[in-house]
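Commentary on secondary and tertiary structure
Residue-level listing of the chains:
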Amino acid sequence: MHLAYKVNSYISGRYPEAICDACIAASLEIRHQQANRVTMALETTSDFDRGIGICEDCGKEQKVIKRT
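Let us look at the structure shown here. (Residues numbered from 1 in each chain as written. Predicted model: local features only at pLDDT ≥ 70, side-chain atom pairs only at ≥ 80, totals over all residues. Heavy atoms only, no water.)

**As for helix H2 (residues 21-28)**
Those residues of H2 that sit buried are Asp21, Cys23, Ile24, Ala25 and Leu28. Packed against the buried residues of H2 are helix H1 (3-13), strand S1 (19-20), helix H3 (32-42), strand S2 (48-54) and strand S3 (61-67). Looking at the residues trailing H2, positive phi occurs at Glu29, about 55 degrees. (Buried < 20%, exposed > 50% of the residue type's maximum accessible area, 1.4 Å probe, protein only. Helix = DSSP H or I, 4+ residues; strand = E, 2+ residues; numbered from the N terminus. Contact = heavy atoms within 4.5 Å.)

The following block contains the structure:
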């Protein structure tokens, strides 16, 4: 399965939760850089919102992404 599709599906499946790149990477067993690259691309679409918020998994305030 293509990496971008896996990340998209994971975030979409967590709707309406906001998740940080580190937690996405840990859950999908990929590198943080890989998750970051995909989430940066997804934020350019109208389907996702990416910005500073609280991650649902780790509870840290940082850049998170969620399905809109």
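**Remarks on H1**
Taken together, the buried positions of H1 are Val7, Tyr10 and Ile11. End-on view of H1: buried residues confined to an arc of 95 degrees, all on one side of the axis. Packing partners of the buried residues in H1 comprise S1, H2, H3, S2 and S3. (Arc of directions from axis to C-beta.)

**Overview of the pattern of salt bridges**
For the structure shown, the criterion picks out four salt bridges. Asp57 serves as the salt-bridge partner of Arg14, at 2.6 Å between the closest nitrogen and oxygen. Linking Arg14 in the loop between H1 and S1 with Asp57 in the loop between S2 and S3, this pair joins segments that are 43 residues apart in sequence. Classification of Arg14 as buried rests on a relative accessible area of 17%. We classify Asp57 as partly exposed; its relative accessible area is 38%. The partner of Asp21 in a salt bridge is Arg50, and the shortest N-O contact between them spans 3.0 Å. Taken together, the residues span a long stretch of sequence, with Asp21 in helix H2 and Arg50 in strand S2 at a distance of 29 residues. The same class applies to Asp21 as to Arg50, namely buried. Here the salt bridges do not stand alone but share partners, grouping Arg14, Glu17 and Asp57 into one network. (Salt bridge = Lys/Arg side-chain N within 4 Å of Asp/Glu carboxyl O.)

**Describing the nonpolar core**
Ranked by size, the top nonpolar core spans 18 residues in total, and within it Val7, Ile11, Ile24 and Leu42 carry the most contacts. Looking at this core, the elements that each hand over two or more residues are H1, S1, H2, H3 and S3. It is H2 that provides the largest number of residues to this core, a total of four residues. Dropping the residues within four chain positions of it, Val7 is found in contact with Ile24, Leu28, Ile30, Val38, Thr39 and Leu42. (Core = buried A, V, L, I, M, F, W, Y, C linked by side-chain atoms within 4.5 Å.)

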